[in-house]
Amino acid sequence: MAENNHRYAVTVTWTGNQGTGTASYRGYSRDHLIEAGAKPAIAGSSDPAFRGDPARWNPEDLLVASLSACHKLWYLGLCAEAGIVVLAYEDQAEGEMVEEANGAGQFTSVVLRPKVTVATATDLDKARSLHHLAHQKCFIARSVNFPVSHEPQIVLADA
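None of these values were measured; they are calculated from a predicted model.

Draft legend 1. Expanded view of the overall build of the chain. Along the chain, the regular secondary structure elements total two helices and nine strands. Mapped from its N terminus to its C terminus, the chain presents α and β elements in the order β-β-β-α-β-β-β-β-α-β-β. For the chain, whose C-alpha radius of gyration is 19 Å, the value lies well above the compact-globule estimate of 15 Å for 159 residues. Summarising its shape, the C-alpha atoms of the chain cover approximately 65 × 35 × 30 Å along the three principal directions. Counting only residues that meet the buried cut, the chain has 28% of its 159 residues in that class.

Draft legend 2. A look at the sheet that holds strand S7 (residues 114-118). Taken together, three strands build an open sheet; the order of strands is S4-S7-S9 and the sheet is mixed. Looking at the sheet topology across the chains shown, the edges are occupied by strand S4 (86-91) and strand S9 (153-156). Here the average twist between neighbouring strands, direction ignored, is 15 degrees. Along the sheet, helix H1 (residues 59-82) makes contact with S4, S7 and S9, crossing S4 at roughly 165 degrees. Across the sheet, helix H2 (residues 124-137) lies against S4, S7 and S9, angled at about 150 degrees from S9, the strand it touches most.

Draft legend 3. Geometry of the nonpolar core. Counting 11 residues, the largest nonpolar core is built from Tyr75, Leu78, Cys79, Ile84, Tyr89, Val116, Val118, Ala127, Leu130, Ala134 and Ile154. Elements represented by at least two residues in this core include exactly H1, S7 and H2.

Draft legend 4. Local environment of the packing of aromatic side chains. Using the criterion set out here, one finds five aromatic pairs in the structure. By the ring-pair criterion, three or more aromatic residues cluster together here, those being Trp14, Tyr25 and Tyr28. Taking the ring centre of Tyr28 as reference, the NZ or CZ of Arg30 above it sits at 3.9 Å.

Draft legend 5. Representation of the pairing of S7 in the model. Across the five residues of S7, four count as buried, placing the element largely inside the fold. Alignment of S7 against S9, held across four bridges, turns out to be parallel. Directly across from Val118, in S9, lies its bridge partner Leu156.

Draft legend 6. How the structure looks around the sheet that holds strand S8 (residues 148-150). If you trace the three strands from one edge of the open sheet to the other, you get S5-S6-S8, paired in mixed fashion. Each edge of the sheet is formed by a strand with only one pairing partner; in this case those strands are strand S5 (94-99) and S8. Averaged over all pairs of adjacent strands, the angle between their axes in this sheet comes to 15 degrees, without regard to strand direction. Inspection of the sheet shows strand S6 (residues 105-112) paired to S8 by three bridges, in the parallel sense. Paired with Val111 across the strands is Ser149, a residue of S8. Docked against the sheet, H1 engages S5, S6 and S8, running at close to 35 degrees with respect to S6.

So, how was this worked out
- Position labels on residues start from 1 in each chain and follow its written sequence.
- Side-chain atom pairs in this predicted model are given and counted only at pLDDT of 80 or more, local residue features only at pLDDT of at least 70, and totals for whole chains, interfaces and linings cover all residues.
- Only heavy atoms go into the side-chain values, all of them from the structure, while hydrogens and water stay out.
- Numbered from the N terminus, helices here are DSSP runs of H or I no shorter than four residues, and strands are runs of E no shorter than two.
- In this description the radius of gyration comes from C-alpha coordinates, and the expected globular size is given by 2.2 Å times residues to the power 0.38.
- Relative accessibility decides the category of a residue: with a 1.4 Å probe and only protein chains considered, values under 20% of the type maximum give buried, values over 50% give exposed, and everything between is partly exposed.
- Strands are labelled as partners when DSSP assigns at least two bridges between them.
- Geometry is summarised by axes, namely lines fitted to C-alpha atoms with helices restricted to the contacting stretch, and by angles between N-to-C directions that run from 0 to 180 degrees.
- Throughout, a contact is declared for two residues whenever any of their heavy atoms are within 4.5 Å.
- In these notes, a set of buried Ala, Val, Leu, Ile, Met, Phe, Trp, Tyr and Cys residues joined through side-chain atoms within 4.5 Å is what counts as a nonpolar core.
- Ring pairs are drawn from Phe, Tyr and Trp, using the six-membered ring of Trp, whenever the two centres fall within 6.5 Å, and their geometry is named by plane angle: stacked under 30 degrees, edge-to-face over 60, tilted for the rest.
- Criterion for a charge above a ring: Arg CZ or Lys NZ at most 6 Å from the ring centre, at most 35 degrees from the ring normal.

Structure representation (structure tokens):
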């Protein structure tokens, strides 16, 4: 099977210079814009624990969101191929990051908790098992060096 290479280009522009640049640690904003082509810009910052703006997306939020979205996209495609009709999908994903004494850190885990509503004539066991296959195929989950688990809840539309 042939391999296909895909490239993703984004521009991250720091918008937090408050007049003195990074002359002091507290003297600048962590705000930035994330852009890719003609797509709407994403207002970013750092986590509030690191002097960021809580109203803006931070890299940690975006990493957890990327894992959740990738899993969802694979799952819905696999369900469509298997004849499982998904009517609603919502994931309450959560990641855990450990910050070391020197300020470095890393994610140690992400848990995906999708609640999937399926049509009444659905094979619930098959709907549940496709989460495992979606995890095996997810580009983002395959790219990280920490465990990504899933705790799906499958519910029938009429229940």
